[in-house]
Amino acid sequence: MSRATDQPTGQATAPADVLTIDGTPLGSRLILGTGGATSHASLESAIRASGTELVTVALRRVPKDGVGGLLDLLASCSVRLLPNTAGCRTARDALLTARLGREALETHWVKLEVIADDRTLLPDVVETIDAAEALVRDGFVVLPYTTDDPIAAQRLVDVGCAAVMPLGAPIGSGLGIRNPHAIELIRDLVDVPVILDAGIGTASDAALAMELGCDAVLLATAVTRAEDPEAMALAMRHAVEAGWLARRAGRIPMRRLALASSPTEGLVES
Amino acid sequence: MNVIVNGEERLVPPDTTVAGLVAALDLPSRGIAIALDRVIVPRSLWASERLSPGAEVEIVTAMQGG
């Protein structure tokens, strides 16, 4: 008996099967945020288990005790960096933070995040669209965190964003995808990668995102604050792959009543 | 002269350059970015850009986030 390939996504080398952002292919459809990890060791094991090739980082003032070893750690994991603009409340702040990120990390990719308030951390869509337009003009590849509003997503694409990243639920809430219909609508409306960002609590949420047609999932808390981050990272990796494969496999339609799977003829009579 | 580095006053010699400040703070040359009075100073200009008294310097790096 010949052994099947170890890679469940053995066919995923075809160009159409690879997530591509700004012409750059990424080997994983899971993007990992680094926030919330309790130690560098825990973060590193989670990154390696997740199989991710893209991780987000925040930009903050250099601590008094030096820059720390985060960048060395991430370099050793061979992941690409996606600096974010977390904490910014206005387009003006986001522009400065994005440019600092480009200078510090030598990448023109940015996860644009302009939030409205501390309680919900929901995106301020008006400021986000303003900032996105300015950043695109400045040569950035903009991946904006946005609400699950399909029209907002369309506007972000209109101003030149390379992807859209609608939320499933508020950041860190673990509530899953509260409006799957909206995520599907976004997928139908835009022609750039749709990355479900925020709200993922467990593996089934990540699988659902992919089944709804998302191209990738971005999550942090669900892994970094899990009891066992490394194990959850592995679960997320498989969930994203499973959801992606299921989406492409074409699920059966839902029915209200049963459809027998055993033959209805030739029944034994007593 | 005094400048403000990440919100805190700091005494530096007159004519200190951005590169000089980075060295004085014992920071690496990569993985950080610097804004002078809210304008980013590209790495290529660190050696020539001089701080003026009261200048506001922001020095940032990557931290866990997002």
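Here is a short report on the structure shown in this document. On a predicted model such as this, the values are computed, not experimentally measured, just so you know. Note that residues are indexed from 1 along each chain, following the sequence as it is written. Starting at A for chains and at 1 for ligands, labels are handed out in the order in which the entities are written. Per-residue local features are limited, in this predicted model, to residues with pLDDT of at least 70; the limit for side-chain atom pairs, both in listing and counting, is 80 or more; totals at the level of whole chains, interfaces and linings are taken over all residues. Side-chain metrics rest on all non-hydrogen atoms present in the structure, leaving aside hydrogens and water.

1. Points about the packing of helix 5 (residues 150-158) of chain A against helix 6 (residues 180-189) of chain A
All names here are of chain A. The line we're drawing: Interaxial angles span 0 to 180 degrees and are taken between N-to-C directions of axes, which are lines fitted to C-alpha atoms, for helices over the stretch in contact. Numbering goes from the N terminus for both helices and strands, where a helix is a DSSP run of H or I of at least four residues and a strand is a run of E of at least two. Each angle gets one of four labels, with under 35 degrees taken as roughly parallel, over 145 as roughly antiparallel, 65 to 115 as roughly perpendicular, and the rest as oblique. Should the near helix be turned counterclockwise from the far one by less than a right angle, the crossing is left-handed, whereas a clockwise turn marks it as right-handed. By definition, residues are in contact when any of their heavy atoms lie within 4.5 Å.
In the contact formed by helix 5 and helix 6, the axes pass within 9 Å of each other and the chain directions differ by 30°. With respect to their mutual orientation, helix 5 and helix 6 come out roughly parallel. In this structure, the crossing between helix 5 and helix 6 has a hand that is right-handed. Counting all contacts with helix 5, which are made through Pro 150, Ala 153 and Gln 154, the residues of helix 6 involved are Ala 182, Leu 185, Ile 186 and Leu 189.

2. Considerations on the sheet that holds strand 8 (residues 165-166) of chain A
All names here are of chain A. Our working definition: Two strands pair if DSSP finds at least two bridges between them.
Strand order in the open sheet formed by 3 strands is 6-7-8, with parallel pairing between adjacent strands. A strand with exactly one partner marks an edge of an open sheet, and here the two such strands are strand 6 (109-112) and strand 8. Of the pairings in the sheet, the one linking strand 7 (residues 141-146) to strand 8 comprises 2 bridges and is parallel in character. Each bridged residue has a counterpart across the sheet, and for Thr 146 the counterpart in strand 8 is Pro 166. Of the strands in this sheet, strand 6 and strand 7 touch helix 4 (residues 125-137), which is tilted by about 175° from strand 7.

3. Overview of the nonpolar core
As a reminder of what qualifies: Among buried residues, those of type Ala, Val, Leu, Ile, Met, Phe, Trp, Tyr and Cys that are joined through side-chain atoms within 4.5 Å constitute a nonpolar core. Three exposure classes are used, based on accessible area relative to the maximum for each residue type with a 1.4 Å probe and protein chains only: buried under 20%, partly exposed in between, and exposed over 50%.
With 69 residues, the main nonpolar core has Ile47(A), Leu74(A), Val164(A) and Val217(A) as its most contacted residues. Considering each element in turn, this core owes the most residues, 8 residues, to helix 3 (residues 91-105) of chain A. The contacts of Leu74(A), once residues within four sequence positions are left out, are Thr34(A), Ile47(A), Val55(A), Val57(A), Val79(A) and Leu81(A). Residues Val5(B), Val12(B), Val22(B) and Leu27(B) belong to the second largest nonpolar core, which totals 17 residues.

4. Some thoughts on the pattern of salt bridges
As a working rule, side chains carrying opposite charge can pair if their charged atoms are close by. Residue and element names in this part refer to chain A. Let me state the cut-off plainly: The term salt bridge refers to a side-chain nitrogen of Lys or Arg lying within 4 Å of a carboxyl oxygen of Asp or Glu.
Scanning the model with the defined rule gives 13 salt bridges over all chains in all. With its nearest N and O atoms 2.9 Å apart, the salt bridge here joins Arg 48 to Glu 44. Here Arg 48 pairs with Glu 44, and both are found in helix 1 (residues 40-50), just 4 residues apart, close to one helical turn. Among the residues examined, Arg 48 registers a relative accessible area of 46% and is labelled partly exposed. Asp 138 is the partner of Arg 99 in a salt bridge, and the nearest nitrogen-oxygen pair spans 2.8 Å. With Arg 99 in helix 3 and Asp 138 in the loop between helix 4 and strand 7, the pair connects residues that are 39 residues apart, well separated along the chain. The exposure class of Arg 99 is partly exposed, given its relative accessible area of 30%. According to the relative accessible area criterion, Asp 138 is partly exposed, its value standing at 27%. Among the charged side chains, a salt-bridge network with shared partners connects Arg 99, Arg 102 and Asp 138.

5. A word on the interface of chain A and chain B
For the record, the criterion: Summed over both partners, the accessible surface that disappears when two parts come together, traced with a 1.4 Å probe, is what is meant by buried area. We call two N or O atoms a polar contact when they sit within 3.5 Å, provided that within protein one can donate a hydrogen and the other can accept it, with sequence-adjacent residues counted only if both atoms are side-chain atoms.
Across the contact, 32 residues belong to chain A and 25 residues belong to chain B. With both chains or domains summed, chain A and chain B bury close to 2500 Å², and 58% of this area falls on carbon and sulfur atoms. Ranking the residues of chain A by area buried against chain B places Arg61(A), Leu100(A) and Glu103(A) at the top, with a combined share of 26%. Taken together, the connections running from chain A to chain B amount to 4 salt bridges. Notably, a salt bridge pairs Glu8(B) with Lys64(A), separated by 2.9 Å at the nearest N-O pair. Joining chain A to chain B, the criterion identifies 13 residue pairs in polar contact (both at pLDDT 80 or more). Contributing elements (two or more residues each) for the side of chain A that touches chain B: helix 1, strand 4 (54-61), helix 2 (70-76) and helix 3 of chain A. When residues in the side of chain A that touches chain B are grouped by element, the largest group, 8 residues, is from helix 3 of chain A.

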